[in-house]
Amino acid sequence: MTQQPFSRPGAIDLSGLGQPAPQAGARPGGAPTGTPAGGGSSYSVVVDEQNFQSLLEQSMTAPVLLVFYSRTRMPESGQLADDLETVVGEHDGRYLLGRVDIDAVPQIAQAMQIPSIPLVVAVVDGRPMPLIQDPLPIEELRTALTQVGQQFTTQGITGRHQPRSAGAPAADGEEEVVDPRYAPAQDALAAGDIDQAVAEYQKLVDSNPADVEAAGGLAIAKVMQRTQGVDLAQARAAAAENPDDVDAQTMVADLDMLGGHVEDAFTRLVNLVARTADPERSRARDHLLGLFAAVGNDDPRVLAGRRDLASALF
């Protein structure tokens, strides 16, 4: 993924929209506004001035992706939008995609000060973060969105969008809901009750050990549980003074995970495994395996971490 500074950090302000909106119900190619573009994903909407603010508000529930493109100016950007719609549909509500044709709605591109196309922006809690600024093959898109989703999971962002019929956005004021299986755990997280979240995720894993998302949620909830009230500076100082202390090193690895420094966490524990002998080595290895589960076993960083762990063990 290509990541560059975005020109307008923070919440998006549409007060500067000055050009007239496109005619309701029309978009290039003749498809009506609000119908699914491309493959017709249940998690994709065509963006116009009327639904844009509502779309951004839905980022308070789960991440929203905005893809800016123009088939007339850059056909490859239109293909990226089509492929992204396909990949978003494969994530079953983890993302909601807003397709922004800058020829049809130049006002939105101007309001967000889009520097070039294509551009894919993730919006979480109303705040935009640039993700992709180049046309990518669909397999690279799949890898990118998987990595982004796992990063969101490590940060406790686990909500999901409802599928919408015919790709239409939810009406103003309509509340998005998450998968009901995970609602009790996520409600507990939202309330700051980490212990209850761990208990709820544990129930899901006990009832269905094959539920990968529940296992990942349990793993990250346990990381949050272990790090409650921990002072980061003190933890790092303790780890620096005691490089072979398993408790000190695993605590900093947990804090790195919560801070999004996944590879740093893995490297710290792989090096600890290499330096220690049983029983400390087993404790460090088991802790690292738990962090792998929190990120997801298909993540390239986990695959690399497993190779490094194998080398450290043998």
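Residues numbered from 1 in each chain as written. Predicted model: local features only at pLDDT ≥ 70, side-chain atom pairs only at ≥ 80, totals over all residues. Heavy atoms only, no water.

Draft legend 1. Spatial organisation of the overall build of the chain. A tally of regular secondary structure across the chain gives 12 helices and 5 strands. Evaluated residue by residue, the chain yields a buried proportion of 48% over its 314 residues. Sequence separation of 24 or more characterises 69% of the internal contacts of the chain that already satisfy a separation of 6 or more. (Helix = DSSP H or I, 4+ residues; strand = E, 2+ residues; numbered from the N terminus. Buried < 20%, exposed > 50% of the residue type's maximum accessible area, 1.4 Å probe, protein only. Contact = heavy atoms within 4.5 Å.)

Draft legend 2. Focus on the pattern of salt bridges. Across all of its chains, the model carries 12 salt bridges by this definition. A salt bridge links R73 to D103; the shortest N-O distance between them is 3.0 Å. Note that R73 is positioned in the loop between strand 2 (64-69) and helix 2 (75-89) and D103 in the loop between strand 3 (96-101) and helix 3 (106-111), a separation of 30 residues in sequence. Here R275 ties to D244 by a salt bridge, and the two come within 2.8 Å at their closest N and O atoms. Residue R275 is found in helix 10 (residues 262-275), and its partner D244 is found in the loop between helix 8 (232-241) and helix 9 (246-258); the two are separated by 31 residues along the sequence. (Salt bridge = Lys/Arg side-chain N within 4 Å of Asp/Glu carboxyl O.)

Draft legend 3. Region of the structure containing the sheet that holds strand 2. The 5 strands are arranged 1-3-2-4-5 in an open sheet whose pairing can be described as mixed. Each edge of the sheet is formed by a strand with only one pairing partner; in this case those strands are strand 1 (44-46) and strand 5 (127-132). Averaged over neighbouring strand pairs, the angle between their axes works out to 25 degrees when direction is ignored. Bridging between strand 2 and strand 4 (residues 119-124) involves 5 bridges; their strand directions are antiparallel. Looking at strand 4, one finds that V67 is bridged to V120. Along the sheet, helix 1 (residues 49-57) makes contact with strand 1, strand 2, strand 3 and strand 4, crossing strand 2 at roughly 140 degrees. (Pairing = 2+ DSSP bridges. Axes fitted to C-alpha atoms, helices over the stretch in contact; angles between N-to-C directions.)

Draft legend 4. Quick look at the confidence of the model for the chain. Confidence along the chain averages 79 in pLDDT terms, with 82% of residues attaining 70 or more. In the model of the chain, helix 5 (residues 183-190) stands out as the element of lowest mean pLDDT, 82, in contrast to strand 2, which has the highest, 96. In the model, residues 1-39 has pLDDT below 50 throughout and makes 85 contacts with residues more than four positions away in sequence or in other chains. Residue range residues 165-177 is modelled with pLDDT below 50. Its contacts to residues more than four positions away, or to other chains, number 30 contacts. (pLDDT = per-residue confidence, 0-100.)

Draft legend 5. Main features of helix 2. Between the first and last C-alpha of helix 2 there are 22 Å, a value that for 15 residues agrees with the 21 Å anticipated at 1.5 Å per step. Residues S77, G78, L80, A81, D82, D83, L84, E85, V87 and V88 constitute the buried set of helix 2. (Expected span 1.5 Å × (residues − 1).)

Draft legend 6. Focus on the pairing of strand 4. Across the 6 residues that make up strand 4, a large majority, 6, are buried. Of the two faces of strand 4, the one carrying L119, V121 and V123 and the one carrying V120, A122 and V124 are both buried. Linking strand 4 back to strand 5 in an antiparallel pair, the connection comprises 2 residues, with D125 at a positive phi of about 55 degrees.

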